[in-house]
Amino acid sequence: MLIDALRDDFVFGSKGVKFMPYTTYLVEKGSSHSFVAEAKPPTVTMPRIKALMTGSLPGFIDVVRNLNSPALLEDSVVTRAKAAGKRIIFYGDETWVKLFPKHFLEYDGTTSFFVSDYTEVDDNVTRHLDKVLKRRDWDVLILHYLGLDHIGHVSGPSSPLIGRKLSEMDSVLMKIHASLLSEERETLLPNLLVLCGDHGMSEAGGHGASSVEEVNTALILISSAFERKPGDVRHPKYIQQTDLAATLSIGLGLPIPRGSVGSLIFPVVEGKPMREQLRFLHLNTVQLSKLLQENVPSYRKEPGFEQFKVSERLHGNWIRLYLEENNSEVLFNLGSKVRRQYLDALRTLSLSLSRQAAQYDVYSMAAGTVLVLEVVALLLLCVPQALSGKAELDIPLLSPVSSLLFYLLLLALAALHVVMCTSSDSSCYLCSLPWLAAGGVMVLISTLLCAVVSALTGMFAAGRRLSKNPPPSNSRWSELDLLILSGTVGHVLSLGASSFIEEEHQTWYFLVNTLCLALCHEIYRNCFVGDDCAPQRCPHAGEEFDGVAAAPQGKSTGPDVWELDRASKHPSPLEALRGPERWMVLVSPWVILSCCRLLRSLNQTGVQWAHRPDLGHWLTSSDHKAELSVLATVSLIMIFVLVQKRCSLASKVAMAFGLLGIYCYRVAVGNLLFPWQQNNKDISKGITEARFVYVFVLGILFTGTKDLLRSQITADDFTVKTVGLWEIYSGLVLLAALLLRPHNLPVLALSLIIQTIMTHFVWRPLRHDAAEVTVMHYWFGQAFFYFQGNSNSIATVDISAGFVGLDAYVEIPAVLLTAFATYTGPVLWAGHLVNFLASEASRPAPETQASGTLYLRTKLTSTSMDGVKASIGFWSKKARGGSRCGGWASALRPLAPGGLHLLSALQTATADPWLPQREALSPQLQAC
C-alpha cells in the first residue's frame, strides 16, 4: 500500500497519533517493523517507484520521463515476480501501468496529474478492495493512493484536508490488515503488508528537491511473522529507500534485481535461525559484489569487496562447524561475528555503489562544454557584423596562420584523446565512440576554435584602425551603466557555483536593491549637484524623451523612432518641479526598495532557509483566513485601479467582473471568506467560477489582439496599437491573478505599483535609453520570479495552477497554465517592457505642438533632414529683427524647453563628420 507523499511525521508524529490510530497501534504494539526510508532526489513519483522496485538510484533525466513514463527495461521486483509466475494485481497511479506493461493480471490506473481531484482518485482504488480481498487468485496486490499528494499540491501540509485523508488511509489499512489476518487463520501462512510513501512533502506542499520533509518517508512492514514481546519498544530506524527491493525479493523467494544497490533490512529476518540469516546476507553481498565488478574495474581494491571475501571465508568456517552438529556457544559466537562482518560489507558495498552511480563522465562533459562555449563565443563575436547594414559575416579560415593553428590543435586533441581513453579506469562515452566519430568531434572543436581566434583578430584590427581615427562622441559610461554591466556579468559568473544556483534569489535581491540605490543617487545628483559639483537641474515627471517626436500627420511611428542619446539630455530646471511630482521623483527609489523588502518577507525560498516561517505560511493557515481575505480584497482592488486606466470601456468592465470572479473562485475552493461568513465548510473545486473568469480573460485578449491587428493592417493611429498591447497585458494580469495562490496576490499588486512608479517617476524623468530600461525590466522580472516563492528546485512548481477550472486532465492546457503561473513575474515584466517601448515610441515631444512638425533621431536620415530643412525655412520667416543667431534664438524661444532640445540636436548634427547631410545645413545655422 503506497500512499503518495506520505511524510514520516504524518505517521510517526502528532498527526499520526491523532488521525491514524490503528497504524499508530501497529507501530507501537503490533507485529511490525517501522522505518524512516530516505529517498534520494529527485523526489518525484516515477523515479521513486523505480527506486522502490529496482533498488537503483534514478537520475535527474527521470524528472522529464515522469511526465510520460516509458516502459522500465531494468531488472525489478515486479519483473522477477512475473517471471516466477506470481499473479500481480494493481490499482492506482497509472505510472505503474506504463512502467510495467503486461505485468499485471488485473489493473485499474488513474492519472496522477489531475491534482484538483483528491477524492475520486482514491475512491477508484478503494472500490476494488472488498471484491479483491475475498478472492484468492493473486499473490501480490499493489495499491497506490494519490489523494494525499494532491491535497499537498493544492493546500499544503497544514491543510485540514490532510487530517481527513490520513484518517481515510488508516481505515483502508485496517480493512486490509483485518482481511489478511482472517486469511492467515485459515491457511496458517503469514502475509506481509507494506505501508510506504514514495516521497515526502515540503512545507509549501510540493516535492522534487532534497529537503528533509521531501526525502524522509514512512515505511512499515506488518506481518504476524514479526513476533514482538510485551514491552518491546521499536523506534523507527533510518534506512535507504533502495533497501526495500532487496528485502521484498528475499521475502518472496526471488533473485535480487541486478542493478539494486540496496541492502537487506536486517530486522525483518532477525527472528530467523542463524543459518537463514547468514544465507540471506550472503545472497545480498554476492549480488552487490557482482554489481561492483561490472562497474568498477579496480574492484579488488575496494574496501567492501575485501570485507565480502573475509565474510565468505568466515561463513565457510561457520558452515563446517555447523555440519559437525556443534551447537555450542562457539558456534553462536562465530555466527554473530560472521553476521556483523556481512552487515559491514553490505554497508560498505552499498555506499561504494551509490557513489559510483553519482560519478560523471568528466572527459565527455568537458568536451561538450568546450564545444558549446566555442559556439556561443562565435555567435557573440559575429552579432555586430551580422546586424550591420551589409549583414555580412567574413571569417577567414584558409590563411596560413589559421591552417597551422588548426593542425596543431587537432594533433594536441588527438594526443589528449589517446591518453584519456587508455588511462581512464571508468567507462567514457567519448572513448566508446568509433575513432572516425571521435575524430569528427576533434575536427569540429579545432575548426570552431580557429574561427573564434580569427574573429577576435579581426575585431582587434578594426579597433586599432578606429582608435587612430576616432569619431567625435559625447557619450560616456555612467555609474548606472557600469552597475548594469557588472551586475549582469557577475550573475552569469555566479552560476558556475552550485550554492549560488541554489540561493540565486539572494543574487537578484541584492542586484535589485543596489539598482534602487543607484537610481536614488542619479536622481539626487541630477536634482541638486551636477558632475562638476555645480547646481544641477532636476528632472520633471511630466517631461518626454528628447529623441521622440511625433510623425507628420497621417503617418504612424514605430518603435525604431525611439533612439535615445544620453549625451543630448537636458533636464528641465529645478524650479519646474511642483509639489507632489517633485517629491514622488525623490522618494520613488525608496518606495520601490520598501516594496521589495516587504515581498522578501512574504515567501521564503531557496534551499538553506526555505523551511523558515514567513508571512505566507502565517496567512495560509486556517486560523488567519479572515486576514488573508482582507489582503486579497485590497490586492484585487489595487490591480483593477492600476490596470484599467489605459483600457477601453469594455475591457474595464470585463476586468472588474473577472477580478470579482477570482474572489468568488477562491471562496469556493475554501481559501477565502465572504464578509458575511464566519467559516467556509462548503468547499468545491470552483470549476464554474474559474471558467467564468476565463471568459473575461479571453474577451480582453481578443479585444487587444483585434486592436493590434487593426493598427497593423489599416495603418491606423499608433495609439490604437498601444491600447491593444496594453489590453493584452491586462488580460495576462487577470489570468495571473486567477492562477496565483491568494497570499501571492500582493506580489502581483506590488509588481504593478513598481512598474507604475518606475515608468512615471524614474524612466521618463531620467530619460533612460532602451537598453537600460530593458535590463531593468529583466532584473525586476527575475526578482519577482523569486518573490512568488519559486526557486531553482522543482519542488516549488505549483502544478495545481495547471488545473484551475478543469474537471479532467487535459495535457496541453495544464502544461501551459502551470508554466505561466510559474513564470508570471518574468512574463508580466516582459509584457510591460513591450508596452513601455511602444508607448514611448508614440509619445509626441513638446516641440511638435507647433505647425512645423519634425522628426528627430539621433542618426538623421535623409528623409528626416528634409523635415529639418523645411522647419528651418518656416522659422526663418518668423524671426524678427536682430542678428541671424538672435533671430533663430527668438524664433525657437516659444518652443522652450523643446527649442533647447532642437538646438542641441542640430548642434550635434552639424558637428558630426559622419553625417552626409552636413553640407545641407546653411552656414548661418552652422555658425549659430
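All values derive from a computational prediction rather than experimental measurement.

Participant: An account of the packing of helix α30 (residues 745-766) against helix α31 (residues 770-787) is requested, with residue identities and associated values reported.
Facilitator: Packed helix pairs are specified by the crossing angle of their axes together with the interaxial distance, meaning the distance between the axes. For the pair α30 and α31, interaxial distance at closest approach is 11 Å and the crossing angle is 160°. Judged by the inter-axis angle, α30 sits roughly antiparallel to α31. Viewed along their axes, α30 and α31 form a crossing whose handedness is right-handed. Contact with α30, carried on its side by V747, L750, S751, I754, M758 and W763, involves V773, M776, H777, F780, F784 and F787 of α31 and no other residues of that element. Residue composition of the contact of α30 with α31, grouped by class: 10 nonpolar, two polar and no charged.

Participant: Give a description of α30 that names residues and reports values.
Facilitator: Its 22 residues give α30 an end-to-end C-alpha distance of 30 Å, which sits within 8% of 32 Å, the value for a rise of 1.5 Å per residue. Where α30 terminates, the next one or two residues include R767, which has phi positive at roughly 55°.

Participant: I'd like a rundown of the packing of α30 against helix α33 (residues 824-841), residues and numbers included.
Facilitator: Interaxial distance between α30 and α33 falls to 12 Å at its minimum, and their mutual angle equals 30°. With respect to α33, the axis of α30 lies roughly parallel. By crossing handedness, the relation of α30 to α33 is classed as right-handed. Here L748, S751, I754, Q755, T759, W763 and R764 of α30 come into contact with α33, specifically with L828, W829, H832, F836, S839 and E840. Broken down by class, the residue content of the contact of α30 with α33 amounts to six nonpolar, five polar and two charged.

Participant: I'd like to hear about the pairing of strand β5 (residues 140-145), residue by residue, with values.
Facilitator: β5 sits mainly inside the fold: six of its six residues count as buried. Of the two faces of β5, the one lined by V140, I142 and H144 and the one lined by L141, L143 and Y145 are each fully buried. Both strand β1 (residues 2-3) and β5 contribute to a ladder of two bridges, which runs parallel. Bridge assignment links L2 to a residue of β5, and that residue is H144. Bridge count between strand β3 (residues 88-93) and β5: five bridges; the pairing is parallel.

Participant: Please set out a nonpolar patch on the surface residue by residue, giving values where relevant.
Facilitator: There is a patch of nonpolar side chains on the surface, built from W477, L482, L485, V489 and L493 and spanning about 550 Å² of accessible area. Tracing the chain through its elements places L482 in helix α21 (residues 479-494).

Participant: Just give me the short version of the state of the cysteines, but keep the residues and values in it.
Facilitator: Per the counting criterion, the structure on display carries one disulfide. Bridging C421 to C431, the disulfide has an S-S length of 2.1 Å. Across the S-S bond of C421 and C431 the torsion is about -90°, and the bridge reads as left-handed. Taken as a pair, C421 in helix α18 (residues 400-423) and C431 in helix α19 (residues 429-432) lie far apart in primary sequence, 10 residues in all. The partly exposed category is assigned to C421, whose relative accessible area is 24%. The class of C431 is partly exposed, set by a relative accessible area of 24%. The thiol sulfur of C516 is not disulfide-bonded, and the nearest other cysteine sulfur, from C596, lies at 5.2 Å. Classification of C516 by relative accessible area gives buried; the value is 2%.

Participant: Mind laying out the pattern of salt bridges, listing which residues take part and the relevant values?
Facilitator: Opposite charge on two side chains permits pairing when their charged atoms draw close. In total, this model carries 21 salt bridges according to the counting rule given. Between E203 and R7 there is a salt bridge whose closest N-O contact spans 3.5 Å. Here R7 lies in the loop between β1 and α1 (8-12) and E203 lies in the loop between β6 (193-196) and α12 (212-215), a separation of 196 residues in the sequence. Residue E203 is classed as partly exposed on the basis of its relative accessible area of 30%. A salt bridge links D807 to R691; the shortest N-O distance between them is 3.4 Å. One end of the pair, D807, is in the loop between α31 and α32 (811-822); the other, R691, is in helix α28 (residues 687-713), with 116 residues separating them in the sequence. Exposure remark for D807: the relative accessible area of 48% places this residue in the partly exposed category. Taken together, the shared-partner salt bridges in this structure form one network comprising R7, D9 and E203.

Participant: With reference to specific residues and values, describe the nonpolar core.
Facilitator: The biggest cluster of nonpolar side chains holds 85 residues, and the ones touching the most others in it are I639, L734, L739, I754, M758 and F780. The greatest single-element share of this core, amounting to 14 residues, is contributed by α30. Excluding residues within four positions of it along the chain, I754 makes contact with I592, C595, C596, F780, F784 and W829. Counting 36 residues, the second-largest nonpolar core is a separate cluster that includes V11, L161, L173 and I176.

Participant: Describe the environment of H144, and please don't skip the residues or the numbers.
Facilitator: The residue H144 is located in strand β5 in this model. For H144 and E94, which are 50 residues apart along the polypeptide, the C-alpha to C-alpha distance reads 9.1 Å. Among the polar contacts listed, one links the side chain of H144 to the side chain of W96, at a separation of 2.8 Å.

Participant: Before we move on, can you summarise the packing of aromatic side chains with the specific residues and values?
Facilitator: Under the criterion given, the structure shown has 20 aromatic pairs. Aromatic side chains F780 and W829 sit 5.1 Å apart centroid to centroid with 15° between the ring planes, which places their arrangement in the stacked category. Taken together, the positions of F780 in helix α31 and W829 in helix α33 put the pair 49 residues apart, joining distant regions of the chain. Each member of the pair, F780 together with W829, is buried. Chaining the aromatic ring pairs together yields one cluster made of Y509, F780, F784, F787 and W829.

Participant: Give me α28: which residues, what numbers.
Facilitator: Between its terminal C-alpha atoms α28 stretches 38 Å, which fits the 39 Å expected from 27 residues at 1.5 Å a residue. Taken residue by residue, α28 has I687, A690, V693, Y694, F696, V697, I700, T703, G704, D707, L708 and S711 as its buried positions.

Participant: If you had to explain unusual backbone geometry to someone new, which residues and values would you point to?
Facilitator: Most peptide bonds adopt trans geometry, and most residues besides glycine take a negative phi value. Along the chain, P41 connects to P42 via a cis peptide bond; the corresponding omega equals 10°. For P42, the position within the fold is in the loop between β2 (32-38) and α4 (45-54). One non-glycine residue with positive phi stands out, namely K102, at about 65°. Topologically, K102 is positioned in the loop between α7 (95-99) and β4 (106-110). Residue K102 is classed as exposed on the basis of its relative accessible area of 81%. If you check the backbone angles, R767 has positive phi at about 55° while not being a glycine. With respect to the secondary-structure elements, R767 resides in the loop between α30 and α31.

Here is what the cut-offs are and how they apply
Residues numbered from 1 in each chain as written. Predicted model: local features only at pLDDT ≥ 70, side-chain atom pairs only at ≥ 80, totals over all residues. Heavy atoms only, no water. Axes fitted to C-alpha atoms, helices over the stretch in contact; angles between N-to-C directions. Helix = DSSP H or I, 4+ residues; strand = E, 2+ residues; numbered from the N terminus. Parallel < 35°, antiparallel > 145°, perpendicular 65-115°, else oblique. Left-handed = near helix turned anticlockwise from the far one by under 90°. Contact = heavy atoms within 4.5 Å. Nonpolar A, V, L, I, M, F, W, Y, C, P; charged D, E, K, R; others polar. Expected span 1.5 Å × (residues − 1). Buried < 20%, exposed > 50% of the residue type's maximum accessible area, 1.4 Å probe, protein only. Pairing = 2+ DSSP bridges. Patch = residues over 30% accessible without salt bridge, like charges linked within 9 Å, V, L, I, M, F, W, Y side chains within 5 Å. Areas by Shrake-Rupley, 256 points an atom, 1.4 Å probe, with all protein chains shown as cover. Salt bridge = Lys/Arg side-chain N within 4 Å of Asp/Glu carboxyl O. Disulfide = S-S within 2.5 Å. Core = buried A, V, L, I, M, F, W, Y, C linked by side-chain atoms within 4.5 Å. Polar contact = N/O pair within 3.5 Å; in protein donor to acceptor, adjacent residues only side chain to side chain. Phe/Tyr/Trp six-rings, centres within 6.5 Å; stacked < 30°, edge-to-face > 60°.

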